[in-house]
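Examining the three-dimensional arrangement
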Amino acid sequence: MRPLAPLVLSLGDPCGTGPELVHKAWATLHGDPELAFAVVGDADLLASLGAIQRINAPSEAVGTFARALPVLDRPLSAPARPGHPDPVHAPHIIGWIREGAELCLSGAARGLVTAPIAKSVLYATGFAFPGHTEYLGDLTAGTPYAGTRGPVMMLTAPDAANDSALRVVLATIHVPLSEVKAHLSADSLRALAHATHEALIRDFGVTAPRLMLAGLNPHAGEDGTIGREEVDLLRPLVEALRDEGLNISGPLPADTLFHAEARRTYDAVLCLYHDQGLIPLKTLDFWGGVNITLGLPIVRTSPDHGTGFGIAGKGVARPDSLINAIRAAHDLSLNRTHATPE
Ligand SMILES: NC(=O)c1ccc[n+]([C@@H]2O[C@H](COP(=O)([O-])OP(=O)(O)OC[C@H]3O[C@@H](n4cnc5c(N)ncnc54)[C@H](O)[C@@H]3O)[C@@H](O)[C@H]2O)c1
Ligand SMILES: N[C@H](C(=O)O)[C@H](O)COP(=O)(O)O
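The structure presented is a predicted model; accordingly, all values stated were derived computationally and were not measured. (Residues numbered from 1 in each chain as written. Chains lettered and ligands numbered in written order. Predicted model: local features only at pLDDT ≥ 70, side-chain atom pairs only at ≥ 80, totals over all residues. Heavy atoms only, no water.)

Here the focus is the site of ligand 1. Taken together, 16 residues form the shell around ligand 1, and within it Ser302, His305, Gly306, Gly308 and Arg318 come nearest. Within the backbone of Thr307, an N or O atom sits 3.3 Å from an oxygen atom of ligand 1. Burial of ligand 1 by the surrounding chains reaches 64%, relative to a free accessible area of 810 Å². Of the residues in the shell around ligand 1, the class split is eight nonpolar, six polar and two charged. (Near = heavy atom within 4 Å. Polar contact = N/O pair within 3.5 Å; in protein donor to acceptor, adjacent residues only side chain to side chain. Areas by Shrake-Rupley, 256 points an atom, 1.4 Å probe, with all protein chains shown as cover. Nonpolar A, V, L, I, M, F, W, Y, C, P; charged D, E, K, R; others polar.)

Have a look at this one:
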């Protein structure tokens, strides 16, 4: 059997907790060769935090992983001070993400795990994308994808109460609340639903996906008396999706969708804006939460937290979410080779 290609990690903002977390994740995982990963980042910075091994290709990571952190050295042009983000690093941060995606597209790596970036740092240098999700959508747009193309942001977290997982997907991501309504359309929501349905089958092994759509307005519009989006857009959308064979319910009041009994009624919930989905997800399990991009020809995961500039360099950052992101990328890469969408 052909050996598994390793995973690849992009280092993220070098002034955040990424360098520390990557070492802590390696310390936890290095005994398992199936979870071998190569880091794309600055080797000198990583060497200052622990044992590393410079490698020339991801294929060398598996044989190195047990004894040292494998690093594809792509050096910074200026020192990184923990907790002091600097746009001078932006071209390198962006390049590390791009190379990670390219390694996945070439098959040299079987999944990309992105350590946190601070978007504002990248924006300061003209980065044209809201975040990793859209950038990876652009980087992979030229590669065929057998399904409804994303990118779609999903966050998932273990749901111990239901011996399952809570999965939220977002119809809008990093847009001001005042612009959410303008970004909602039947076409965009339909694509979100289909991409989620396909991913549940292909990536998560859910044989008969149950989708739930959250309402936008309080009490899902109270029959049109607290806003009309449910009456004019969301309810007709649900009917159309049902006609297309999807098992989807809603729109239901978002504040009734996240208690334990409600979570048992669906496999993924379609949320209409960032915090509608991410507040309950990160409240349920901040450390177990993982960010997964659906609808791409590559597997990509990321921690559910950010750069933690306030604690960077202090040795107190918890690697839990990064470790879970690495494990999720491993699992998804194996599932994806076995399942196909309906
Ligand atoms: N995966 C990603 O790339 C990602 C995810 C979320 C946010 N971000 C970006 O990161 C920056 C900061 O994000 P934020 O303001 O949401 O805060 P954050 O997620 O970085 O931190 C929120 C709180 O959690 C703590 N925290 C974060 N990571 C931790 C860890 N590993 N261990 C212990 N405590 C931790 C922080 O100290 C802070 O108190 C922003 O630019 C945001 O856009 C990136
Ligand atoms: N919305 C994400 C979260 O809160 O975890 C985070 O900003 C990451 O976004 P990208 O993966 O698109 O950078």
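Attention now goes to the sheet that holds strand E8 (residues 211–214). One open sheet accounts for twelve strands, arranged E3-E4-E2-E1-E5-E12-E11-E6-E7-E10-E8-E9; its pairing is mixed. Edge positions in the sheet fall to strand E3 (52–55) and strand E9 (248–252), since each of these pairs with one other strand and no more. Strand-to-strand, the axes of this sheet are offset by a mean angle of 30°, without reference to chain direction. When strand E6 (residues 152–159) meets strand E11 (residues 290–294), the two strands line up antiparallel, connected through five bridges. (Pairing = 2+ DSSP bridges. Helix = DSSP H or I, 4+ residues; strand = E, 2+ residues; numbered from the N terminus. Axes fitted to C-alpha atoms, helices over the stretch in contact; angles between N-to-C directions.)

Now for helix H8 (residues 186–202). Helix length check: H8 (17 residues) gives 24 Å between terminal C-alpha atoms against 24 Å at 1.5 Å per residue, within 8%. For H8, the tally of buried residues reaches twelve of 17 residues, placing the bulk of the element in the interior. Of all the positions in H8, only Leu189, Leu192, Ala193, His194, Ala195, Thr196, His197, Glu198, Ala199, Leu200, Ile201 and Arg202 are classed as buried. (Expected span 1.5 Å × (residues − 1). Buried < 20%, exposed > 50% of the residue type's maximum accessible area, 1.4 Å probe, protein only.)

Our next topic: the UniProt feature "binding site: a divalent metal cation" (unreviewed entry) in the protein. According to UniProt, the feature "binding site: a divalent metal cation" (unreviewed entry) maps to His174, His219 and His274 in the numbering used here. Taken together, the annotated residues stretch across 101 residues and extend over separate regions, lying up to 23.9 Å apart by C-alpha. Among the residues examined, His174 registers a relative accessible area of 34% and is labelled partly exposed. When residues no more than four places from it in sequence are discounted, the contact partners of His174 are Lys119, Pro130, Met153 and His274. Here His274 shows up in helix H11 (residues 274–284). Taking relative accessible area as the criterion, His274 reaches 22% and is therefore assigned partly exposed. A distance of 2.7 Å separates the side chain of His274 from the side chain of Asp275, its partner in a polar contact. (UniProt positions renumbered as here; feature names shortened; annotations may be inferred. Contact = heavy atoms within 4.5 Å.)

What follows deals with unusual backbone geometry. For the bond running from Gly150 to Pro151, omega is 5°, close enough to zero to count as cis. Mapped onto the elements, Pro151 comes out in the loop between helix H6 (132–139) and E6. Of note, the amide linkage connecting Gly250 to Pro251 takes the cis form, showing an omega dihedral of 0°. Residue position: Pro251 is located in strand E9. Its identity is not glycine, yet Asp163 carries a phi of approximately 50°, on the positive side. Mapped onto the fold, Asp163 is located in the loop between E6 and strand E7 (164–170). Even without glycine at this site, Glu222 takes up a positive phi of about 50°. Considering the arrangement of structural elements, one finds Glu222 in the loop between E8 and helix H9 (229–243).

Our focus in this paragraph is the site of ligand 2. Near ligand 2 you find Lys119, Gly131, His132, Thr133, Met153, His174, His274, Leu278, Lys282, Asn291, Arg300 and Asp304, and these make up its full shell. In this structure, His132 approaches ligand 2 through a main-chain N or O atom, which is 2.9 Å from an oxygen atom. Contact distances for ligand 2 include 3.4 Å between an oxygen atom and a backbone N or O atom of Asp304. Contact with the protein chains covers 90% of the free accessible surface of ligand 2, which is 360 Å². Among the elements that line the shell around ligand 2, the one with the most residues is H11, at three residues. Of the residues contributing to the shell around ligand 2, the split by class is two nonpolar, six polar and four charged. If you count residues domain by domain, the shell around ligand 2 takes at least three from each of domain 1 (1–145 + 297–342) and domain 2 (147–295). (Domains from an automatic or database assignment.)

UniProt's entry tags His132, Thr133, Lys282, Asn291 and Arg300 with the feature "binding site: substrate" (unreviewed entry), counted in the numbering of this structure. Along the chain, Thr133 falls in helix H6. A residue is classified by how much of its surface remains accessible, and Thr133, at 3% relative accessible area, is buried. For Thr133, the residues in contact, after removing those within four places along its chain, are Pro151, Met153, Ile173, Thr293 and Arg300. Assignment of secondary structure puts Asn291 in strand E11. When its relative accessible area of 10% is taken as the criterion, Asn291 is described as buried. Among residues more than four places away in sequence, those in contact with Asn291 are Met153, Met154, Leu155, Arg300, Thr301, Ser302 and Pro303.

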